[in-house]
Protein chains: 2
Amino acid sequence: MTYRAPLKDFLFGLKELAGLDQLTQIDAFAEAGLDTAQAVLEECAKFNEGVVAPLNWEGDKNPSSWKDGVVTTTPGFKDAFRQYGEGGWQGLQHPVEFGGQGLPKAIGAACGEILNSANLSFALCPLLTDGAIEALLTAGSEEQKALYLPPMNEGRWTGTMNLTEPQAGSDLAAVRTKAEPQPDGSYRVFGTKIFITYGEHDMAENIVHLVLARVAGAPEGVKGISLFIVPKFMVGADGSLGERNDVHCVSIEHKMGIKASPTAVLQFGDHGGAVGYLVGQENRGLEYMFIMMNSARFAVGVQGIAVAERAYQKAVQYARDRVQSRPVDGSVAGAASIIHHPDVRRMLMTMRAYTEGCRALALVSGAAYDAAHHHPDPETRKANQTFYEFMVPLIKGYSTEMSLEVTSLGVQVHGGMGFIEETGAAQYYRDAKILTIYEGTTAIQSNDLVGRKTARDGGQTARALADQIAQTEELLAARDDAAAQSFAKNLKAARLAFLDAVDFIAGSAKASPNAAYAGSVPYLMLAGNLMAGWQMGRALLAAQDSLNEGEDVDFMKSKIVTARFYAEHILVKVPGLRDAIVGGADSVCDMALDAF
Amino acid sequence: MTYRAPLKDFLFGLKELAGLDQLTQIDAFAEAGLDTAQAVLEECAKFNEGVVAPLNWEGDKNPSSWKDGVVTTTPGFKDAFRQYGEGGWQGLQHPVEFGGQGLPKAIGAACGEILNSANLSFALCPLLTDGAIEALLTAGSEEQKALYLPPMNEGRWTGTMNLTEPQAGSDLAAVRTKAEPQPDGSYRVFGTKIFITYGEHDMAENIVHLVLARVAGAPEGVKGISLFIVPKFMVGADGSLGERNDVHCVSIEHKMGIKASPTAVLQFGDHGGAVGYLVGQENRGLEYMFIMMNSARFAVGVQGIAVAERAYQKAVQYARDRVQSRPVDGSVAGAASIIHHPDVRRMLMTMRAYTEGCRALALVSGAAYDAAHHHPDPETRKANQTFYEFMVPLIKGYSTEMSLEVTSLGVQVHGGMGFIEETGAAQYYRDAKILTIYEGTTAIQSNDLVGRKTARDGGQTARALADQIAQTEELLAARDDAAAQSFAKNLKAARLAFLDAVDFIAGSAKASPNAAYAGSVPYLMLAGNLMAGWQMGRALLAAQDSLNEGEDVDFMKSKIVTARFYAEHILVKVPGLRDAIVGGADSVCDMALDAF
C-alpha cells in the first residue's frame, strides 16, 4: 500500500474543530453526522487506496499523450474514472435533485484530500468538473442544469474551465476569444485557449467546456466578458450526443509534473465556429467564473495538503526502513533506522505539522461554507461566509506554498535515493510546484487577501479573527501544561504580529499601494501560518480533553506533540514575516528597473 | 545569450570584501591582483557563456546514456570539455609545478560559479576532478602526483570520488569494498560503488577513480578505511595508457535533475580484481577523503549560488518581457511588464539578495582558504583556517538550501509557463534539489557545524565571529542613512539571536545531544543567514563609500538596495530560528516512534 488515508485525523478534525455535529442541525445535513462521515471516508479511502493511488507513478512514467487531436490518458485512468463516477464520488457535494449526494463541503474536503493524495493528476478531472458544476448551479438556466448536471454528477461527462489565453493569464481583462450571436439564440465561439486541464481526454463520453469570451460590442476589460457552455459533442434536448463541435485540441504541454493530467491547447471555431450557449447574462462571465474559481481555489489548497500527506507517508516509510549511522544520544548501540536521528525527526514533524494544520483549516472552512449556504439564520450565514472568504486565499496560498517545503523535505529524508525518479519522492516535489501557480498564483491570492479581504473593510474581519484567536490563547494559557503554555505564548506573539501587519496593510493599501502589495505574499504566509496554527491550538485543547477522558490515548498524545511542534517551529516564523511586511516595504521597489 | 556572468559583482566582492589586494602580498599570489582577476573572469565568462551555457538545456533533453557499459554524454559535452582543458581551466587553482595555474581559491570560486551557472551537469566533471587533485596533492606520493596530476590538470584525465555503497551513504563506517594486497605492492579491489558522478563517460582519455575500501584485517568502522587510486585504464610509468582495469559501469541512474551528469553504479573486481594503488597510509582513507570532501563541499555551495544566479537572470528576462495587468500604483496606464508588480519585484529581489549574500560569503571564505594555506604568518594562517572551516558547512548547507527557494521563485515568476519544461525555469528547480543532498546532506553539514565547529571549542569560534559582526554593526550604525540604520538594527537582532543559539548548542551538545541536534539544521540556517548577511552589511558600507567617491554609481546603488532588502526580508528570519532552536527542542523528539 503506497498511501493510507489518515481517517482518524479527518474524523477528529470534523468532530472537534469543524463542528460536524452542529452542521447536522441544519436540515440539509441532518443525515451528515459523524457516522455518515466515517462511513463515507472509509469507502473513499478504500477506493482511492486500492484503485487510484497505484496509478500515480504509472501516470508519471506514461503521461497522457496527444496524437492527431486525440488525447489518450494513462493506462488505467479511464477505468478508474468509470468506477469513480459509478461510486457516486463526483456528485458527493452536489445537490440531490441533479443526481448528487448532497453532502457537506466539510466531508467533501476530506474526500478531496484522499483522492488527491492518491493521485494529483487523476484528481484534476473531477476537480475541474466540480467547479463547472458549481458555476452551472449558480448561473445556469433550469434547462442547462437539467441537461448538463446529471451526467456530470454521474461522471459520464466532465467539465473544464477555459480562461487562459496566451496574452491573458492572471490578467483576464486581456481575453480575446470572441462569441458571435446566432439567430437561434446560440453563439459561435472563436479563439485559442491554453493551459486547459483535461481539455481533451478519453475518460468521458462528453466534455462540457465553460469558456470565457467577448460578445461583439462588449465593453473593454473584465466587464465585457461572458461565459459560455461549449460541449465537445453537441447535446440533444433529451441529453443524447450529436455531432462533434468545432473545438479541437491542437496540442498538450510537456510539463515538470502532474504529467498524467493533459494540459490542452484548445482551438475554438477553426471550422466555422464552435457552438456555444450563454450562461446567465452577457458580460457577467467573470463573476460566474469566480464562483468556479473559488471552488477550485479551495480545492487546489486541498491538493497541497494532499500531496504533503502523501510525501509525509512516503518519507516516514523510508525513515523506518533505512538503516544508517548511530543515534547521537547513544540510544541504539549500532547503526539505527534513520527515524532515530533528530534531524530526520525534525523533518518528519515539520511535514506532519504543516499538513495537519492546513488540513484543520480546510475542514473548518469547509464547514463554514456549508453553514454560509444552508444555515437558517441569515446572520450566521453571513458570519460564516465572511469567515470562509477570508480563508480561501489562505487555504489556496498557504497550503500550496507549504506543500513545496513539505515535498522538498520528503525528497531530503530519502537522501540520494530521493533524487532517483524510481523512488517516487521526486514526483511529489515536481507535481506540487504547479499548485502555487494555477487557479491564481500565490501573488494573486495575496492580492485578494490584501484588497478584498483586508483593506476593503479596513481590517475589520481580520481583527475580529484575532479576537477569536485571543480566546483560544486564554484557554491554552489557563492549562497547567507545558505544551499548552508554549502554544499560548507563541500564538500570542503571532496574533500580535498579525495585528501589526493588518494595521500596516489596511493603512497603506490606498495611500501607498506599492508598500501594501510589496508585503502581500508575506502577509498571506503570516495569516495562513497563524490561522492554521490557531486550529492546531484548538486541536491541542480538544486532544487534551479527550486524553483526560482516556479516549484514543495514542492519537491524542500525537496530536498534542504535533500541535506543540507547530507552535515552536512554525508559528515562530510569524514575527519575522511581520518585520518584513512592516519594515521592509521600501526595499522591495527601490531597485531601478534597468538595474535588475 | 541565456546567461551573463555577473562580473561586476565578482570584482566588487573580490576587491571590497575578500581583500584580493591583501592576498597579492603573499608571494604565491603576487600576480593575482584585480587586473588578473578581471582578465581571468572575462575569459571565463566568454568561454562559459558561449560554449558551455548553450549545452545546459540540451543536456536535460538528451541526458547522458548507458549502453553495454559505455556512457555516451550529451552531444557537445566532449568537445566543450576538450576546450575546457585546453583553456587551462581545470588547473586554475592547482599548483604550477603539476601543470596548474596557481591562482587563489577566491578567484577560483568566481570561475566555479560561472561554470556552474552555465551548466551544472557539465561542471560536475571538473568539480570532482578538482577534489581528486586536492586529495592526491595532500596524500599522494611524489610518483603518484607526477604521474596523475599533469594529465588531470590538463583535462585529459578526470577524477571521481567513490565513497557511497548501497548500505553506506552518510554512514561511511559501513563501507564494505575490499582491497587485497598483492606482492608487487598494489592491491586488488572488489566491491560495488553507487552514485558515482561521472564514474564513466566519454569525455576524457582516462578516469582516475579514488576509492574507499577496507584492507583485510583493518579495524571496524571509519578507522579501517583506506584510499586507493583505481584508474580506468592502467597507466605506465611514462604515463602511457595500458589495458582496461577491472572496473565497470553497470548502469546509470534516472534522476530528477542534472540529467546530463552520469551517475554511475561501478562494479570493481568482477573479473579478477581491479588494480588499485594505496594513497598515503592504510586506514587513513577517510581523513584524505575529507580533504576532497571539504573542497567538494565548498564547490557544491558555489553550485547553489550558481544555479540561483542563473534562475534569477532567467526570471528577470521573463519579468521584463511578459506583459500582464495594470500596476497597483497606477504608474502605467495599461497593462505593464510584470516587473512593475510589487510581488514580482519582491521575488526578484529575494532571489538576488540571497544569491549576492551567499556569493559574498563564498568569495570571502575562498580568500580565507588562500591565506590559511599560503600566508607567511602562522597565526594568520591559523585564524584564516578556523574562519574557513566554520564557513564550509554554511556555504554548502545554506547556499544550497537557499537555491531551492530561489529556483522555486524562478519558476513562480514565470507563472504557468514556468511549469512547462521548454521554458527552462523548471530545469533549475529540478537540478537544484540534488545540491542539498550530495557531498553530505544539509543535516550532515549541520552535524559538522554543531559538533566540530561549535561545540568542540565551547562556542569560542562562533562568539569571536559575533564580535567581528558587532564591529560591522557599529560602522553601519554610525552612518546617517536609512539603509545602514535599518541594516544595523536587523544585524544586531540577528547577532544576538545567534549568540543565544550558540549558547544553547554549546551548552547542550554533550549533556543532551538530542536537544542540540534537533536544532542543528535551524542553527545552520541561522548562521548561514547571518554570515551571508554580515557580508552584505560590509558590502553596503563599501558601496556607500564608493558611491560617495562617485564610482560606478548605478552598481553601488543597486548593491545598497539589495543589501537593505537582505536585512529587511532575510535577516529578519533569524530570531524565529533562534526561538525554534532554543525553545523547540522538546517537541522534535517527543513523538512516539510508532505514532509517525
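An unreviewed UniProt entry lists chain A under the name 3-methylmercaptopropionyl-CoA dehydrogenase, from Sphaerotilus sulfidivorans.

Looking now at the pairing of strand β4 (residues 178–181) of chain A. All names here are of chain A. In terms of strand pairing, β4 meets strand β5 (residues 187–197) through four bridges, oriented antiparallel. Its bridge partner lying in β5, Ala 179 is registered against Val 189. Connecting the antiparallel pair β4 and β5 is a turn made up of five residues, with Gly 185 showing a positive phi of about 95 degrees. Alignment of β4 against strand β6 (residues 206–215), held across two bridges, turns out to be parallel. What sits directly across from Lys 178, in β6, is Arg 214.

Overlaying chain B with chain A gives an RMSD of 0.0 Å, the required rotation being 180 degrees about an axis along which the chain moves by 0.0 Å. The superposition operator between the copies reduces to a two-fold rotation axis. When the interface residues of chain B are mapped onto chain A, 100% of them again lie at the interface, so the same face is used by both copies.

Bringing the environment of Glu 200 of chain A into the picture now. All names here are of chain A. Along the chain, the position of Glu 200 falls in the loop between β5 and β6. Glu 200 sits in the buried class, given a relative accessible area of 6%. Each C-alpha atom of the pair Glu 200 and Val 70 lies 7.3 Å from the other, and the pair is 130 residues apart in sequence. With near-sequence residues (within four places) excluded, Glu 200 lies in contact with Gly 69, Val 71, Ile 207, Lys 232, Arg 244, Cys 249, Pro 262 and Ala 264.

Our next topic: the UniProt feature "domain: Acyl-CoA oxidase/dehydrogenase middle" (unreviewed entry) in chain A. In this structure's numbering, the residues bearing the UniProt feature "domain: Acyl-CoA oxidase/dehydrogenase middle" (unreviewed entry) are residues 161–270 of chain A. Secondary structure within residues 161–270 of chain A divides into 0% helix and 47% strand; the distance between the first and last C-alpha atoms comes to 20 Å.

On to helix α13 (residues 442–455) of chain A, then. Residue and element names in this part refer to chain A. Along α13, the sharpest change in direction is near 25 degrees and occurs at Leu 449. Burial analysis of α13 places 10 of its 14 residues in the buried class, the great majority of the element. Every buried residue of α13 is accounted for by Thr 442, Ala 443, Gln 445, Ser 446, Asp 448, Leu 449, Val 450, Gly 451, Lys 453 and Thr 454.

As a further point, take the environment of Gly 533 of chain B. All names here are of chain B. For Gly 533, the position within the fold is in helix α17 (residues 520–548). On the accessibility criterion, Gly 533 (0% relative accessible area) is buried. Sequence spacing of Gly 533 and Leu 361 is 172 residues, and the spatial spacing of their C-alpha atoms is 8.7 Å. Sequence-distant contacts of Gly 533, that is, excluding residues within four places in its chain, are made with Phe 487 and Tyr 566.

Moving on, we come to the packing of aromatic side chains. Per the counting criterion, the structure on display carries 26 aromatic pairs over all chains. Of the aromatic side chains, those joined through ring pairs into one cluster are Phe 47, Phe 77, Phe 81, Tyr 84 and Phe 122 of chain A.

Residue and element names in this part refer to chain A. In terms of burial, strand β3 (residues 157–162) is a largely internal element, six of the six residues being buried. The alternating pattern of β3 places Trp 157, Gly 159 and Met 161 on one face and Thr 158, Thr 160 and Asn 162 on the opposite face, and all of these are buried. Here six bridges tie β3 to β6, and the two strands are oriented parallel to one another. Residue Trp 157 lies in a different strand from β6, and its bridge partner there is Asn 206.

With that settled, the discussion passes to the packing of helix α1 (residues 7–17) of chain B against helix α18 (residues 553–570) of chain B. Residue and element names in this part refer to chain B. At a closest axis distance of 12 Å, the pairing of α1 and α18 adopts a crossing angle of 75 degrees. Judged by the angle between their axes, α1 and α18 are roughly perpendicular. Contact with α1, carried on its side by Lys 8, Asp 9 and Phe 12, involves Phe 555, Met 556 and Lys 559 of α18 and no other residues of that element. Counted by class, the contact of α1 with α18 contains three nonpolar, no polar and three charged residues.

On to the pattern of salt bridges. It is possible for side chains bearing opposite charge to pair when their charged atoms get close. With the rule as written, the count across this model stands at 62 salt bridges over all chains. A salt bridge links Arg 284 of chain B to Glu 287 of chain B; the nearest nitrogen and oxygen atoms lie 2.5 Å apart. The network of salt bridges with common partners includes Asp 9, Glu 113, Glu 309, Arg 352, Glu 356, Arg 359 and Lys 559 of chain A.

Okay, unusual backbone geometry next. Of note in the backbone geometry, Ser 325 of chain A takes a positive phi value of approximately 70 degrees without being a glycine. The backbone of Asn 283 of chain B sits at a positive phi, close to 70 degrees, despite the residue not being glycine. For Asn 283 of chain B, the position within the fold is in the loop between β12 (274–279) and α9 (285–321). You can call Asn 283 of chain B partly exposed: its relative accessible area is 26%.

This brings us to the side chain of His 94 of chain B. Residues and elements named next belong to chain B. Its location among the elements puts His 94 in the loop between α5 (77–86) and α6 (105–118). Judged by its relative accessible area of 2%, His 94 is buried. At a separation of 2.7 Å, a polar atom in the side chain of His 94 contacts the side chain of Asp 130. Once residues lying within four places of it in the same chain are set aside, the contact partners of His 94 are Gly 100, Gln 101, Gly 102, Asp 130, Ile 133, Glu 134, Leu 137 and Asn 153.

Turning to the interface of chain B and chain A, a few remarks are in order. How big an interface is tends to be reported as the loss of accessible area on association of its parts. The interface is formed by 84 residues belonging to chain B together with 84 residues belonging to chain A. Where chain B abuts chain A, roughly 7,400 Å² becomes buried across the two surfaces, and 62% of that area is made up of carbon and sulfur atoms. Ranking the residues of chain B by area buried against chain A places Phe 419, Tyr 429 and Phe 596 of chain B at the top, with a combined share of 12%. At the surface where chain B touches chain A, the tally comes to one salt bridge. One salt bridge in this structure joins Asp 586 of chain A and Arg 564 of chain B, with 4.0 Å as the shortest N-O distance.

Glancing now at the state of the cysteines. Residue and element names in this part refer to chain A. Taken as a whole and judged by the stated rule, the model has zero disulfides over all chains. Just so you know, Cys 125 is unpaired, no disulfide at all, and the nearest cysteine sulfur is the one on Cys 249, 14 Å from it. Classification of Cys 125 by relative accessible area gives buried; the value is 1%.

Calculation criteria
Residues numbered from 1 in each chain as written. Chains lettered and ligands numbered in written order. Predicted model: local features only at pLDDT ≥ 70, side-chain atom pairs only at ≥ 80, totals over all residues. Heavy atoms only, no water. Pairing = 2+ DSSP bridges. Helix = DSSP H or I, 4+ residues; strand = E, 2+ residues; numbered from the N terminus. Least-squares fit on C-alpha atoms with pLDDT ≥ 70 in both. Contact = heavy atoms within 4.5 Å. Buried < 20%, exposed > 50% of the residue type's maximum accessible area, 1.4 Å probe, protein only. UniProt positions renumbered as here; feature names shortened; annotations may be inferred. Bend = angle between axes of the 7 residues up to and from the residue. Phe/Tyr/Trp six-rings, centres within 6.5 Å; stacked < 30°, edge-to-face > 60°. Axes fitted to C-alpha atoms, helices over the stretch in contact; angles between N-to-C directions. Parallel < 35°, antiparallel > 145°, perpendicular 65-115°, else oblique. Nonpolar A, V, L, I, M, F, W, Y, C, P; charged D, E, K, R; others polar. Salt bridge = Lys/Arg side-chain N within 4 Å of Asp/Glu carboxyl O. Polar contact = N/O pair within 3.5 Å; in protein donor to acceptor, adjacent residues only side chain to side chain. Buried area = accessible area lost by both parts, 1.4 Å probe. Disulfide = S-S within 2.5 Å.

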